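# Structure at a glance
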Amino acid sequence: MKENLFEAIPAIKELDDEDAATYSGGVAFTGSNDPDVILYRDGGFAGGNPLAVNASLNDGIRYVGDNFNDITSSIVIIRGVWRFYTDANFGAFQNTLGPGLYSNLPGGISNDSISSLRRVG
Ligand SMILES: [Ca+2]
Ligand SMILES: [Ca+2]
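Residues numbered from 1 in each chain as written. Chains lettered and ligands numbered in written order. Predicted model: local features only at pLDDT ≥ 70, side-chain atom pairs only at ≥ 80, totals over all residues. Heavy atoms only, no water.

So, about the coordination of the calcium ion (ligand 1). At the metal site, the calcium ion (ligand 1) is ligated by R41 (O), I71 (O), S73 (OG) and D112 (OD), and these contacts range over 2.2 to 2.4 Å. Read from N- to C-terminus, the donor residues coordinating the calcium ion (ligand 1) fall into the pattern R-x29-I-x1-S-x38-D. Placement of the pair is R41 in the loop between β2 (37–40) and β3 (51–55) and D112 in the loop between β8 (100–102) and β9 (116–119), with a sequence separation of 71 residues. The class for D112 is partly exposed, based on a relative accessible area of 36%. (Donors = N, O, S within 2.8 Å, 3.2 Å for Na, K, Ca; no water. Helix = DSSP H or I, 4+ residues; strand = E, 2+ residues; numbered from the N terminus. Buried < 20%, exposed > 50% of the residue type's maximum accessible area, 1.4 Å probe, protein only.)

Shown next, in the form of structure tokens:
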């Protein structure tokens, strides 16, 4: 009887950071005119068509999209503390940055490498 009961309970899935970003109930989106973070294609906030990103705490953008993958060379962070990743789905963490103007990518973040980002503060 007891064994049957346990078999009926679905396995409880432990949340890793990646899943938590999905399940936190927050929001993450691109294209806002009031962004938290802006990614630029070239250094010095140049290159045209920047990617504007918003996210609530512990949410992020799992993939910056084909048009913006591996191209970011400068960043403006307006709000929050953000982590930047080499791979999609918050893989291969590079560095954490707070609000500021980064006309060139600071140490720890490789040029033309960012594929996902997540807000952690
Ligand atoms: Ca670039
Ligand atoms: Ca990448």
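Bringing the coordination of the calcium ion (ligand 2) into the picture now. For the calcium ion (ligand 2), the full set of protein donor atoms is D70 (OD), T86 (O), S113 (O) and S115 (OG), at a range of 2.2 to 2.4 Å. Going along the chain, you hit the donors of the calcium ion (ligand 2) in the pattern D-x15-T-x26-S-x1-S. Linking D70 in the loop between β4 (60–61) and β5 (74–77) with T86 in strand β6 (residues 82–87), this pair joins segments that are 16 residues apart in sequence. Residue D70 is classed as partly exposed on the basis of its relative accessible area, which comes to 38%.

Here four strands make up an open sheet; going across it, the order is β4-β9-β6-β7 and the pairing antiparallel. The two strands at the open ends of the sheet, each matched to only one other strand, are β4 and β7 (91–97). Examined bridge by bridge, β6 and β7 share five bridges and lie antiparallel to one another. Residue pairing across strands places W82 opposite L97, the latter belonging to β7. (Pairing = 2+ DSSP bridges.)

Moving on to the sheet that holds β5. As summarised here, the arrangement of the five strands in space is β1-β3-β2-β5-β8, forming an open sheet in which the pairing is antiparallel. Two strands close off the open sheet at either side, each with one partner strand: β1 (28–30) and β8. Neighbouring strand axes in the sheet, compared pairwise and without regard to direction, differ in orientation by 15° on average. (Axes fitted to C-alpha atoms, helices over the stretch in contact; angles between N-to-C directions.)

The next point concerns the pattern of salt bridges. What the rule picks out here adds up to three salt bridges. In this structure, the salt-bridge partner of R79 is D34, at a minimum N-O distance of 2.8 Å. Note that R79 is positioned in the loop between β5 and β6 and D34 in the loop between β1 and β2, a separation of 45 residues in sequence. Residue classification places R79 among the partly exposed residues on the basis of a relative accessible area of 30%. Between D36 and R79 there is a salt bridge, with the nearest N and O atoms lying 2.4 Å from each other. (Salt bridge = Lys/Arg side-chain N within 4 Å of Asp/Glu carboxyl O.)

Another aspect to go through is the side chain of R118. Turning to its location among the elements, R118 is positioned in strand β9. We classify R118 as buried; its relative accessible area is 6%. Among the polar contacts listed, one links the side chain of R118 to the side chain of Y85, at a separation of 3.3 Å. (Polar contact = N/O pair within 3.5 Å; in protein donor to acceptor, adjacent residues only side chain to side chain.)

On to the confidence of the model for the protein. Of all residues in the protein, 79% have pLDDT values of 70 or greater, and the mean over the chain is 84. No element of the protein has a lower mean pLDDT than helix α2 (residues 17–23), which averages 43, and none a higher one than β6, which averages 98. Confidence drops under a pLDDT of 50 for residues 8–24, and excluding neighbours within four residues, the segment shows 18 contacts in the predicted structure. (pLDDT = per-residue confidence, 0-100. Contact = heavy atoms within 4.5 Å.)

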